[in-house]
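Chain by chain, the residues:
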Amino acid sequence: MKQRVKNQINTSFAATSENESLSRVITAGFLMAHPVTAEELADIKTAVSEAVTNAVVHAYRGREAGRIKLDLKLYSDARLKITVTDYGCGIEDVERAREPFFTTDREHERGGMGFSIMETFMDRVRVTSTDARGTRVVLEKRLSLCR
Amino acid sequence: MAIRWEETEGELRFFITGEIDHHNSIFLRREMEETIRKSRAPSIVLDLSGTEFCDSSALGLILGRARQAQALSRTLIVQNPSARARKILDLCGAERFLKYS
């Protein structure tokens with residue numbers, strides 16, 4: 001049975017590091033009207049921060065920063081679906097990218113744990129990427145307090 | 001996000017409050033790198049009791065400073081991490097690389 005969408009928001013912003021905190025505020029703002037534990041909220045914000053930061057650091061490397069789309073949807077079955085999309089270079093090897101401690105970044109002291117954190121804090125993480133077209137990361141979580 | 005530091009004999013202590021994300025890490029790295037370079041203190045302490053939010057960027061920042069400390073033959077420990085900072089650092093397996101207290 002197809003679940004009804006209770007609420008949704010579609011945003012986009014420049015892939016610049018200033019907007020990493022913006023993405024967390026957008027997420028927190030969206031969830032404000034819905035029952036969520038403080039811990040859950042912090043975990044979800046962290047997962048979003050990781051996905052958006054990946055796009056900021058990698059998607060448009062070596063060229064002018066493009067856009068990141070951040071879409072949030074809450075379904076009637078309490079499932080939260082967050083989609084982070086960029087239109088940048090794409091991930092060459094998604095499986096490799098998702099390995100703990102793996103990073104292709106040379107200069108920014110990246111820990112390589114972004115996907116591991118997303119996977120720990122969300123119920124499901126799906127990544128699709130196309131060379132030179134972009135990357136889409138879909139994060140899903142069933143909110144514990146929503147009826 | 002705010003950073004301040006105190007230097008007493010033998011110890012350089014950083015206090016980082018607020019949020020540590022990739023954006024803030026850029027500024028924090030610059031400040032900490034330079035301060036560590038100018039200091040003679042053999043012991044460097046990162047006090048994260050006031051860190052309200054961090055993501056895995058904090059790991060990169062801290063490991064970078066740990067590498068810098070090691071190259072200068074100094075020690076670096078993370079002290080009093082907030083519950084949030086502790087959770088993220090533990091998830092990143094930081095205890096393999098860092099000393100906590």
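For clarity, every value in this text was computed on a predicted model and none was experimentally measured.

Asker: Just checking my understanding: could you explain the overall build of chain A for this structure?
Answerer: Across its full length, chain A carries four helices and five strands. Taken from N to C terminus, the helices and strands of chain A fall in the order β-α-α-β-β-α-α-β-β. Dimensions of chain A, computed from C-alpha atoms along their principal axes, come out at roughly 45 × 30 × 25 Å. By residue count, 53% of the 147 residues in chain A fall in the buried class. Only carbon and sulfur atoms are counted for the fraction: they give 48% of the accessible area of chain A, which is about 7,300 Å². For chain A, the distance from the average position of its 23 positive side-chain charges to the average position of its 21 negative side-chain charges is 9 Å.

Asker: Would you take a moment to explain the state of the cysteines for this structure?
Answerer: Such a bond, covalent and formed between the sulfur atoms of two cysteines, is termed a disulfide. All names here are of chain B. In the structure shown here, the tally under the stated rule is zero disulfides over all chains. C92 takes part in no disulfide bond, and the closest cysteine sulfur to it belongs to C54, at a distance of 8.0 Å. On the basis of relative accessible area, C92 is assigned to the buried category, the value being 1%.

Asker: Hey, could you run me through the sheet that holds strand β3 (residues 79-86) of chain A in this one?
Answerer: The strands that make up a sheet pair up through hydrogen bonds in the backbone, lying either parallel or antiparallel. Residues and elements named next belong to chain A. The five strands are arranged β1-β2-β3-β5-β4 in an open sheet whose pairing can be described as antiparallel. Each edge of the open sheet is held by one strand with a lone partner, namely β1 (5-14) and β4 (124-130). The mean inter-strand angle of the sheet, taken between neighbouring strand axes irrespective of direction, is 10°. Judged from the nine bridges that link them, β1 and strand β2 (residues 67-75) form a sheet pairing that is antiparallel. The residue of β2 that forms the bridge with T11 is L70.

Asker: Explain the confidence of the model for chain B here, please?
Answerer: Caution applies to low-pLDDT regions: their predicted coordinates should not be interpreted in detail. All names here are of chain B. When pLDDT is averaged along chain B, the result is 93; 100% of the residues meet or exceed 70. The lowest-confidence element of chain B is strand β6 (residues 99-100), averaging 82 in pLDDT; the highest-confidence one is strand β2 (residues 11-20), averaging 97. With pTM at 0.94, the complex prediction returns an ipTM value of 0.92.

Asker: I tried to follow the interface of chain B and chain A on my own but got confused; where do I start?
Answerer: Note on interface size: it is often stated as the accessible area lost on association of the parts. Taken residue by residue, the interface counts 23 residues in chain B and 26 residues in chain A. At the boundary of chain B and chain A, one finds six salt bridges. Between R24(A) and D21(B) there is a salt bridge, with the nearest N and O atoms lying 3.0 Å from each other. Connecting chain B to chain A are 12 residue pairs in polar contact (both at pLDDT 80 or more).

Asker: Sorry, what's going on with helix α3 (residues 83-91) of chain B here?
Answerer: Residues separated by three or four positions in an α-helix point in the same direction, a consequence of the helix having 3.6 residues per turn. Among the residues of α3(B), those classed as buried are R84(B), A85(B), I88(B) and L89(B). Looking straight down α3(B), one finds that the buried residues subtend no more than 125° of arc, so they occupy a single side. Considering only its buried residues, α3(B) is in contact with α2 (38-59) and α4 (114-121) of chain A together with β4 (51-54), α2 (57-71), β5 (75-79) and β6 of chain B. Phi for G93(B), located one or two positions after α3(B), is positive at around 70°.

Asker: So what exactly am I meant to see when it comes to a negative patch on the surface here?
Answerer: Residues and elements named next belong to chain A. A surface patch of negative charge is lined by E92, D93, E95 and D131. Along the chain, the position of D131 falls in the loop between β4 and β5 (134-142). Since its relative accessible area comes to 67%, D131 is described here as exposed.

Asker: Please explain the side chain of S56(B) as it appears in this structure.
Answerer: Among the secondary structure elements, S56(B) is positioned in the loop between β4 and α2. Overall, the relative accessible area of 2% leaves S56(B) in the buried class. Every residue in contact with S56(B), bar those within four places of it in the chain, is listed here: E50(A), G111(A), M113(A), G114(A), I117(A), I88(B) and C92(B).

What counts as what
- Residues numbered from 1 in each chain as written.
- Chains lettered and ligands numbered in written order.
- Predicted model: local features only at pLDDT ≥ 70, side-chain atom pairs only at ≥ 80, totals over all residues.
- Heavy atoms only, no water.
- Helix = DSSP H or I, 4+ residues; strand = E, 2+ residues; numbered from the N terminus.
- Buried < 20%, exposed > 50% of the residue type's maximum accessible area, 1.4 Å probe, protein only.
- Areas by Shrake-Rupley, 256 points an atom, 1.4 Å probe, with all protein chains shown as cover.
- Lys, Arg positive; Asp, Glu negative; His and termini not counted.
- Charge placed at Lys NZ, Arg CZ, Asp CG, Glu CD.
- Disulfide = S-S within 2.5 Å.
- Pairing = 2+ DSSP bridges.
- Axes fitted to C-alpha atoms, helices over the stretch in contact; angles between N-to-C directions.
- pLDDT = per-residue confidence, 0-100.
- Contact = heavy atoms within 4.5 Å.
- Salt bridge = Lys/Arg side-chain N within 4 Å of Asp/Glu carboxyl O.
- Polar contact = N/O pair within 3.5 Å; in protein donor to acceptor, adjacent residues only side chain to side chain.
- Arc of directions from axis to C-beta.
- Patch = residues over 30% accessible without salt bridge, like charges linked within 9 Å, V, L, I, M, F, W, Y side chains within 5 Å.

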